[in-house]
Each structure stands twice: as structure tokens, then as C-alpha cells.
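As a plain string of letters, each chain reads:
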Amino acid sequence: QVQLVESGGGLVQPGGSLRLSCAASGSILGINTMGWYRQAPGKERELVALISRSGTTNYADSVKGRFTISRDNTKDTVYLQMDTLKPEDAAVYYCYIQMTGRSGYWGQGTQVTVSS
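These notes cover the structure that comes with them. Here the structure is a predicted model, which is why all the values come from computation and not from measurement.

### Some points on the overall build of the chain
From N to C terminus, the chain includes zero helices and 11 strands. Taken over the C-alpha trace, the chain has a radius of gyration of 14 Å; the compact-globule value for 116 residues is 13 Å, and the two agree within 12%. Along the three orthogonal principal directions, the C-alpha set of the chain runs to about 40 × 25 × 25 Å. Counting across all 116 residues of the chain, residues that qualify as buried make up 41%. Contacts in the chain between residues far apart in sequence, at least 24 positions, make up 54% of those at least 6 positions apart. In the structure as shown, the chain presents an accessible area of about 6000 Å², 48% of it carried by carbon and sulfur atoms.

Here you go:
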């Protein structure tokens, strides 16, 4: 069994910053891809950022230059530093991991609200 525990969401004003964390535990073996998706009300879940085990990153165009994904392989943890937040970034953010030969796993989601 795999558990993903997310933290760091909350309310922030436009232009502000938040840092999300997601720690994986349980039957963890060889995490390849880690990442973040988000889902706003009435919209489909969308990719925010992914990072490979070697550190290769991939970002949605809408967050390039503002968000930074990173990971600590010794802690099986992925981070998302979100700067210059906009109201359109408000959503539930979901952590995602994928291990060799296994399907992906999702976190429970953490709410990010961007409002003045």
C-alpha cells in the first residue's frame, strides 16, 4: 500500500507564494516520475509539473517561469514552489507518483486559493 501525504496549501494573495510538499510512504520502490496536477471547479484535472528521478522537468505552459518542481529521492518527497500566484492558479492540487511496473498513485489533494 502506498500513501501520499500532501501539505502546504492554503490562501494567498495574488502575487504571493506557496510551497507544496508531498511525501510518499508504504510500499515504495523505485519511484520514477513524481509530479503535480490540479483541478479547478468545473474543469478537468490538468498537468502542472512533472519531474523524473534524474531531475528532468516538464511544466505546463501556464506555470513556466513561476513554478518550480523539485524532489528529494532520499525522502521520497516532491515539492512545488509556486511564485507570482494568479487567481487562475486556484485549484485543488494533487500529488502523483509512478513506480516501475506499477500504476500511478494520487494524493488526496490540497486546496490552493488565490484571492485578495
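### Focus on the nonpolar core
Soluble, globular proteins show a tendency: their nonpolar side chains are buried together. Within the largest apolar cluster, 30 residues are counted, with the highest numbers of intra-cluster contacts made by Trp36, Leu80, Met82, Tyr93 and Ile97. Secondary structure elements with two or more residues in this core: strand E1 (2-7), strand E3 (18-26), strand E4 (31-39), strand E5 (46-51), strand E7 (67-72), strand E8 (77-82), strand E9 (91-99) and strand E11 (110-114).

### Looking at the pairing of E11
Alternating positions in E11 separate cleanly, Thr110, Val112 and Val114 being buried on one face and Gln111 and Thr113 remaining unburied on the opposite face. Across three bridges, strand E2 (residues 10-12) lies against E11 in parallel orientation. Within the sheet, the bridge partner assigned to valine 12 lies in E11 and is valine 114. Two strands pair when backbone bridges link them, and E9 and E11 are joined in this way by three bridges, in the antiparallel orientation. For alanine 91, the partnering residue across the bridge sits in E11 and is valine 112.

### A few points about unusual backbone geometry
A positive phi is found at aspartate 76, a non-glycine position, where the angle reads about 50°. Within the element layout of this structure, aspartate 76 appears in the loop between E7 and E8.

### So, the pattern of salt bridges
Two side chains with opposite charge may pair up if their charged atoms get near one another. The tally for this structure, following the rule as stated, stands at four salt bridges. With its nearest N and O atoms 2.7 Å apart, the salt bridge here joins arginine 38 to glutamate 46. The class for arginine 38 is buried, based on a relative accessible area of 7%. Residues lysine 64 and aspartate 61 are paired through a salt bridge, measuring 3.1 Å at the closest nitrogen-oxygen approach.

### Quick word on the state of the cysteines
What the rule picks out here adds up to one disulfide. The disulfide bridge from cysteine 22 ends at cysteine 95, spanning 2.1 Å between sulfur atoms. Negative torsions about the S-S bond denote left-handed disulfides, and the value of about -80° found for cysteine 22 with cysteine 95 makes this one left-handed. A residue pair is termed long-range when its members are at least 10 positions apart, and cysteine 22 in strand E3 and cysteine 95 in strand E9 qualify at 73 residues.

### Details of the packing of aromatic side chains
The tally for this structure, following the rule as stated, stands at three aromatic pairs. Between tyrosine 37 and tyrosine 96 the ring centres are 5.8 Å apart and the planes differ by 70°, which places this aromatic pair in the edge-to-face class. Placement of tyrosine 37 in strand E4 and of tyrosine 96 in strand E9 is noted, with a sequence separation of 59 residues between them. For tyrosine 96, a relative accessible area of 15% puts it in the buried group. Measuring from centroid to centroid gives 4.9 Å for tyrosine 96 and tryptophan 106, while their planes differ by 55°, and the two rings are tilted. Of this pair, tyrosine 96 sits in strand E9 while tryptophan 106 sits in strand E10 (residues 105-106), and the two are 10 residues apart along the sequence. Owing to a relative accessible area of 39%, tryptophan 106 belongs among the partly exposed residues under this scheme.

Parameters at a glance
Residues numbered from 1 in each chain as written. Predicted model: local features only at pLDDT ≥ 70, side-chain atom pairs only at ≥ 80, totals over all residues. Heavy atoms only, no water. Helix = DSSP H or I, 4+ residues; strand = E, 2+ residues; numbered from the N terminus. Rg over C-alpha atoms; globule rule 2.2 N^0.38 Å. Buried < 20%, exposed > 50% of the residue type's maximum accessible area, 1.4 Å probe, protein only. Contact = heavy atoms within 4.5 Å. Areas by Shrake-Rupley, 256 points an atom, 1.4 Å probe, with all protein chains shown as cover. Core = buried A, V, L, I, M, F, W, Y, C linked by side-chain atoms within 4.5 Å. Pairing = 2+ DSSP bridges. Salt bridge = Lys/Arg side-chain N within 4 Å of Asp/Glu carboxyl O. Disulfide = S-S within 2.5 Å. Phe/Tyr/Trp six-rings, centres within 6.5 Å; stacked < 30°, edge-to-face > 60°.

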